[in-house]
Amino acid sequence: MTQSFPTPAAHARDLLDKLGVPTPPAEAGQPVRGPIDGEVLAHVLHDDARMIEAKVSAACRAFLAWRIVPAPRRGELVRLFGEELRAAKAELAALVTLEAGKIASEAAGEVQEMIDICDFAVGLSRQLHGLTIASERPGHAMRETWHPLGPVAVISAFNFPVAVWAWNACLALVCGDPVIWKPSEKTPLTALATHAILRRALARFGDAPEGLACVVQGGRDAGERLTRDPRIPLVSATGSTRMGRAVAPLVAERFGRSILELGGNNAMIVTPSADLSLALRAIVFSAAGTAGQRCTSLRRLIVHESLVDTLADAVETAFQRLPVGDPRAPETLLGPLIDKAAHDAFVEAMNAVRAEGGTVSGGERLLADERPDAYYVRPALARLPTPAPCMQSETFAPLLHVVPYTSFDTALSIQNDVPQGLSSCVMTNDVREAETFLSAAGSDCGIANVNIGPSGAEIGGAFGGEKETGGGRESGSDSWKQYMRRQTATVNYSGALPLAQGVRFDL
Ligand code: UN1
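Bear in mind that the values here come from a model prediction, so they are computed numbers and not experimental data.

(A) Geometry of the overall build of the protein chain. If you tally the helices and strands in the protein chain, you get 13 helices and 23 strands. The C-alpha radius of gyration of the protein chain comes to 24 Å, within 12% of the 23 Å expected for a compact globule of 507 residues. Overall, the protein chain is about 80 × 60 × 35 Å in size when its C-alpha atoms are taken along their principal axes. Out of the 507 residues in the protein chain, the part that is buried amounts to 52%. Sequence separation of 24 or more characterises 73% of the internal contacts of the protein chain that already satisfy a separation of 6 or more.

(B) Spatial organisation of unusual backbone geometry. Non-glycine residue leucine 367 carries a positive phi angle of around 60 degrees. With respect to the element layout, leucine 367 can be found in the loop between β13 (365-366) and β14 (376-377). You can call leucine 367 partly exposed: it has 17 C-beta atoms within 10 Å. Positive phi outside glycine occurs at serine 477, with the angle close to 55 degrees. Looking at where serine 477 falls in the secondary structure, it is placed in the loop between β22 (474-475) and β23 (484-492).

(C) Spotlight on the environment of leucine 19. Structurally, leucine 19 can be placed in helix α1 (residues 8-19). On the basis of neighbour count, leucine 19 is assigned to the buried category, with 21 C-beta atoms found within 10 Å. Residues in contact with leucine 19, not counting those within four places in the same chain, are Ala88, Glu91, Leu92, Leu95, Ala193 and Ala196.

(D) Up close: the site of the ligand. In the vicinity of the ligand, the contacting residues are Glu113, Asn159, Phe160, Val164, Thr238, Arg294, Cys295, Thr296, Ser455, Gly456 and Ala457. Taken together, the residues of the shell around the ligand break down into four nonpolar, five polar and two charged. Looking at which domains feed residues into the shell around the ligand, each of domain 1 (8-262 + 470-487) and domain 2 (266-458) gives three or more.

(E) The pairing of strand β5 (residues 152-155), seen in detail. Neither face of β5 is open: one carries Val152 and Val154, the other Ala153 and Ile155, and all of them are buried. Relative to strand β6 (residues 179-182), β5 is paired through four bridges, and the arrangement is parallel. Bridging from a neighbouring strand, isoleucine 155 pairs with lysine 182 of β6. Two strands pair when backbone bridges link them, and β5 and strand β8 (residues 234-238) are joined in this way by four bridges, in the parallel orientation. Counterpart to valine 154 in the pairing with β8 is serine 236.

(F) Region of the structure containing the environment of aspartate 444. Its location among the elements puts aspartate 444 in the loop between α13 (431-438) and β19 (447-450). Once the C-alpha coordinates of aspartate 444 and leucine 422 are considered, the two residues, 22 residues apart in sequence, prove to be 8.6 Å apart. Excluding anything up to four places from it in sequence, aspartate 444 contacts Asn416, Gly421 and Glu466.

(G) Structural context of the sheet that holds strand β4 (residues 140-148). Here we have three strands laid out as an open sheet, ordered β3-β4-β23, and antiparallel in their pairing. Taken across any chain shown, the strands that pair with only one partner, and hence form the sheet edges, are β3 (131-133) and β23. Averaged over all neighbouring strand pairs, the angle between strand axes comes to 25 degrees, with direction disregarded.

(H) Quick peek at the domain arrangement of the protein chain. Examined at the domain level, the protein chain breaks down into domain 1 (8-262 + 470-487) and domain 2 (266-458). In this assembly, 16 residues from domain 1 lie in contact with 20 residues from domain 2. Broken down by secondary-structure element, the contributors of at least two residues to the side of domain 1 that touches domain 2 are α3 (71-100) and α4 (104-124). Counted by class, the side of domain 1 that touches domain 2 contains six nonpolar, four polar and six charged residues.

(I) Expanded view of α3. For α3, built from 30 residues, the straight-helix expectation of 44 Å at 1.5 Å per residue is missed by more than 12%, its first-to-last C-alpha distance being only 34 Å. Where α3 bends most, the angle comes to about 70 degrees, and this point is alanine 88. Directly beyond the C-terminal end of α3, a positive phi value near 85 degrees is found at glycine 101.

What counts, and at which threshold
Residues numbered from 1 in each chain as written. Predicted model: local features only at pLDDT ≥ 70, side-chain atom pairs only at ≥ 80, totals over all residues. Helix = DSSP H or I, 4+ residues; strand = E, 2+ residues; numbered from the N terminus. Rg over C-alpha atoms; globule rule 2.2 N^0.38 Å. Buried ≥ 20, exposed ≤ 12 C-beta atoms within 10 Å, placed from the backbone. Contact = placed C-beta atoms within 7 Å. Near = placed C-beta within 6 Å. Nonpolar A, V, L, I, M, F, W, Y, C, P; charged D, E, K, R; others polar. Domains from an automatic or database assignment. Pairing = 2+ DSSP bridges. Axes fitted to C-alpha atoms, helices over the stretch in contact; angles between N-to-C directions. Expected span 1.5 Å × (residues − 1). Bend = angle between axes of the 7 residues up to and from the residue.

In structure tokens form, the structure reads like this:
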């Protein structure tokens, strides 16, 4: 492993200074450990109940002012934020690498995703279009208007510590909503850095209300407090299906709205007509990239029986050759897992494959002597003769299951036969297979691709999935509508009072 970098702790101190993020002394805060060497990067203060209450109250007050600011002016704040992000891209990306363990190029991609959603939201700020609707009554006009909703809570996960918040926050801000952010306990520093960048945009903007955006640091309790709060009409939460099961009923109980982006168990079908060199690159990036820690990571490979051995051998070789190490090194393609718990889950998932009749290659822990408190691994390929129960659950690690199929219909059934429904793809040059995959009888996922892997979606489309993935949609398309309330208004400009449906009620 290259030794030419400062220790992650020293590197983090330098970046936090450059980004303008003050951190408390060790005795006052909670330690934040980084995955590169498992050492403490810095400390952060957790919010107690009183501090959370103050932040939510401030957001409610900010809403009253922000909702009447014209939407294109609200867009100006997001435009400035995009400018500040461009200026701070390198430092923020480097901090993402230190805190989440992503390789430099993927961390830069994550910040780029924030910049992209800023641009999208700025355009949107002039396009929060409603409808005019033909009224059945003479002298009446009917219309549908979208109004700001209220404070939005964003609960984000460690693996996209800043981009997923940005998808939500940029839309929420142009839609007229304050944003309360509860980042993952594993990645609080990138949240503070993002907020420091946002504060610079707010200062340039000039007259945004106090409390328009805040960060609530803490664990499950802090998240639960926000989830239960009736003053927060929308909770957008990214994380495990287990987390979603806790959040959804609490929000529903108070008739709040939730956007849930939960587990994925994403598959690729490789058919006989596929371009195999394209398929191989797509497989390795989506299965091993980000150390298999994307919601969209490839977990199941369903390959035509005529190709399965050849393709599995090629994937195995590629996995063996992937450079694993410090994610700051330009040659590294695979950084560490986030922590020991992630490694334990990886080992357990490989054991389940073996117990169910499969074989596993790869999966060894690497660099344990040099970095005993960090968890670097060789990606693992699990070959199974037929789909097995171990393929039903998501393990957030680079573990790819491969099974053969005989007919395309069977491949589709295998693809759909899991509780999750986030992302999916088919590698084929056969138009019948491609269109069948995308049809109503094809993939049941929120994302379905042809000739690209399941991960790495652009912000312009709606992002999210069905079944246990939670049903939410974030970022592009018309996802913005969830951050607003819809109002149907009818105006009578006649001198009469005709009733709809021809009802007569003459006094
Ligand atoms: C996630 O893993 O939660 O499509 C989000 C992708 C990224 C976003 C992933 N643009 O892989």
